[in-house]
Amino acid sequence: MNNEKWDETKQYAHHKKRGAKTFRRGKALAFLERLKLKRSTIQQQLDQPEFQSIQQILIGELKAIDMMMEEFKQVFELQETETNNQKGCEEQNEKN
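Parameters and conventions
- Residues numbered from 1 in each chain as written.
- Predicted model: local features only at pLDDT ≥ 70, side-chain atom pairs only at ≥ 80, totals over all residues.
- Heavy atoms only, no water.
- Core = buried A, V, L, I, M, F, W, Y, C linked by side-chain atoms within 4.5 Å.
- Buried < 20%, exposed > 50% of the residue type's maximum accessible area, 1.4 Å probe, protein only.
- Helix = DSSP H or I, 4+ residues; strand = E, 2+ residues; numbered from the N terminus.
- Phe/Tyr/Trp six-rings, centres within 6.5 Å; stacked < 30°, edge-to-face > 60°.

A. View of the nonpolar core. Counting 12 residues, the largest nonpolar core is built from A28, L29, L32, L35, I42, L46, L58, L62, I65, M69, F72 and L78. Breaking this core down by element, the ones donating at least two residues are α1 (2-46) and α2 (55-75).

See below:
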C-alpha cells in the first residue's frame, strides 16, 4: 500500500514537471515570435527612404537579432516547425 502511494506521488511530480516545461516552452516560443516581429519591422525600415541615414545601424540590428534568434533556438531546443505550429494554434484560438 505504501508503494502505491509513492507511485502516485511520483507520477504527480512527473506530470507537474512536464507541465512547467511546457509552460516555459510556450513562453520561449512567444518570445521568439516577438523577436521575429521586431526583425520584420527593422527589415521594413531598411527598405524605406526616410531611414537611409541609419541604414548601417539597421543592418547591424538585423544581424544582432538573427544571431539572438539562432542562439535562442539552440538554447531552448526549438525547431522552426514548432514556432509555426504555435502561430497556427494562436490564430485558431483567436478565431474561436
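B. View of the packing of aromatic side chains. On inspection of all chains with the given rule, the structure shows 2 aromatic pairs. Look at F31 and F72: their rings are 5.1 Å apart centre to centre, the planes differ by 50°, and that puts the pair in the tilted class. With F31 in helix α1 and F72 in helix α2, this pair connects stretches of sequence that are 41 residues apart. Measuring from ring centre to ring centre gives 4.6 Å for F72 and F76, while their planes differ by 40°; the resulting arrangement is tilted. Site record: aromatic cluster; members linked through ring pairs are F31, F72 and F76.

C. Structural view of the environment of E33. When you line up the elements, E33 lands in helix α1. Expressed as a C-alpha distance, the spacing of E33 and M69, which sit 36 residues apart in the sequence, is 9.6 Å.

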